[in-house]
Amino acid sequence: MSSLKPALTGLALSLLLAGCASNPTVPYDRFEPYNRAMYQVNDTADRYVIKPVAEGYKAITPSPVRTGVSNFFDNLKDIYSALSNALRAEPEKALNDVMRVAMNTGFGLFGLIDIASQAGLKNNKTTLGDTFAAWGWHDSNYLVLPFFGPSTVRDGAGLTASLAGPGPEKMFYDTTWQAVGFYGLYGVNTRARYLGVEAMLSTAALDPYSYTRDAYMQLRAQQLGLPNPTQAADNFNLDELVDSPAGKQDSSAPAAAVPNAKAAASAAQ
């Protein structure tokens, strides 16, 4: 096993494709039984393991060090962003990403310091999920991934493809346990940034699962410039080509929740 991340993401997608669906009343949550179960698994792991570790990490790690860790992983994401923008036929954005990587790696201590942003280079990350959307995969079912939390079938497929390949992060570990440590640091550092947001989530809705789901789907639609899937729409769903539907209705997050959706979705896991 070269990486824990592709294995976890692949597990979620294989469970989905195995047919964990029945008759839906919420079109974009056809796999709600599985999603709710995985949400509970992630929430339990967060409550008893990830959040306490993140609190300890924040308590003993100086803010400049945490910022440097965030910048390091952000620099790796720019490499994937450059590839995604190239596949989307966005040469200017791809070149911008390449310049960010070159500047931050060469002059920012391998990405620990974000020199590129200070130099005026835009930080506009894209993923393979964005690329798939640009190629026409607009509608995609909601999917909760192990460890990662809220996603979609489209974005999960993009994540799996990205992490299964010979990505730049492979330079920093050789064994499974090294990979666990590498991605564990990423997860804990990310979780530390959202400490306290879970209180907002718990008071914002009677059902945190559906609130997180709808807020996430609204956020992704906004990022991709697509119609809000939580509103009535008659769009073609590419997921129907690979599986049959399931899920059931629940309360939706208000549109005003979109600016906080990313933080809420992360804190919920």
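Residues numbered from 1 in each chain as written. Predicted model: local features only at pLDDT ≥ 70, side-chain atom pairs only at ≥ 80, totals over all residues. Heavy atoms only, no water.

Draft legend 1. Examining unusual backbone geometry more closely. In the Ramachandran plot, alanine 89 falls in the positive-phi region, its phi being about 60° despite a non-glycine side chain. Given a relative accessible area of 61%, alanine 89 falls into the exposed group. (Buried < 20%, exposed > 50% of the residue type's maximum accessible area, 1.4 Å probe, protein only.)

Draft legend 2. Region of interest: the packing of aromatic side chains. Following the criterion strictly, the structure yields 14 aromatic pairs and no others. For the pair phenylalanine 132 and tryptophan 135, a centre-to-centre distance of 6.1 Å together with 50° between the ring planes defines the contact as tilted. Tryptophan 135 gets classed as exposed once you look at its relative accessible area, which sits at 54%. Of the aromatic side chains, those joined through ring pairs into one cluster are Phe72, Phe73, Phe172, Tyr173, Phe182, Tyr183 and Tyr186. (Phe/Tyr/Trp six-rings, centres within 6.5 Å; stacked < 30°, edge-to-face > 60°.)

Draft legend 3. Here's a closer look at the packing of helix 3 (residues 63–87) against helix 8 (residues 176–193). In contact at an axis separation of 10 Å, helix 3 and helix 8 are set at 120° when each is read in the N-to-C sense. With respect to the hand of their crossing, helix 3 and helix 8 are arranged in left-handed fashion. Of helix 8, the residues touching helix 3 (which contributes Arg66, Val69, Ser70, Phe72, Phe73, Leu76 and Lys77) are Phe182, Leu185, Tyr186, Asn189 and Arg193. Partitioned by chemical class, the residues of the contact of helix 3 with helix 8 number seven nonpolar, two polar and three charged. (Axes fitted to C-alpha atoms, helices over the stretch in contact; angles between N-to-C directions. Helix = DSSP H or I, 4+ residues; strand = E, 2+ residues; numbered from the N terminus. Left-handed = near helix turned anticlockwise from the far one by under 90°. Contact = heavy atoms within 4.5 Å. Nonpolar A, V, L, I, M, F, W, Y, C, P; charged D, E, K, R; others polar.)

Draft legend 4. A look at empty space enclosed by the protein. Scanning the model with the defined rule gives one cavity of 30 Å³ or more in all. A volume near 30 Å³ is recorded for the largest cavity. What lines the largest cavity is Asn71, Asp74, Asn75, Asp78, Arg100, Asn104, Gly111, Ile113 and Asp114. Going through the elements one at a time, helix 3 and helix 4 (91–107) are the ones with two or more residues in the lining of the largest cavity. Among the elements that make up the lining of the largest cavity, the one with the highest residue count is helix 3 (four residues). When the residues that make up the lining of the largest cavity are grouped by side-chain class, the tally is one nonpolar, four polar and four charged. (1 Å grid on protein atoms, 1.4 Å probe; cavity = no way out; pocket = protein on both sides within 12 Å on 5 of 7 lines; lining within 4 Å. Points joined across faces, edges and corners; volume = space filled by probe spheres on them.)

Draft legend 5. Looking closely at the packing of helix 2 (residues 32–60) against helix 10 (residues 208–224). One can describe the packing of helix 2 onto helix 10 by two numbers: an axis separation of 11 Å at closest approach and a directional angle of 110°. What the angle tells us is that helix 2 and helix 10 run roughly perpendicular. Between helix 2 and helix 10, the contacting residues are Glu32, Asn35, Arg36 and Tyr39 on the first element and Pro208, Tyr209, Ser210, Thr212 and Arg213 on the second. Its residues placed into classes, the contact of helix 2 with helix 10 shows three nonpolar, three polar and three charged. (Parallel < 35°, antiparallel > 145°, perpendicular 65-115°, else oblique.)

Draft legend 6. Region of the structure containing the confidence of the model for the chain. On average, the chain scores 81 in pLDDT, and the residues at 70 or more come to 75%. Across residues 244–261 the pLDDT falls below 50, and counting only partners more than four positions away or on other chains, this stretch makes 59 contacts in the model. (pLDDT = per-residue confidence, 0-100.)

Draft legend 7. The arrangement of the nonpolar core in detail. Judged by nonpolar contacts, the single largest core of 14 residues is most densely connected at Tyr142, Val144, Tyr209 and Met217. Those elements giving two or more residues to this core turn out to be helix 2, strand 1 (142–145) and helix 10. Phe72, Tyr173, Tyr183 and Val188 belong to the second largest nonpolar core, which has 13 residues in total. (Core = buried A, V, L, I, M, F, W, Y, C linked by side-chain atoms within 4.5 Å.)

Draft legend 8. Local environment of the side chain of serine 84. Looking at the element boundaries, serine 84 is found in helix 3. Those residues in contact with serine 84 that lie beyond four places of it in its chain are Thr126, Thr127, Leu128 and Thr131.

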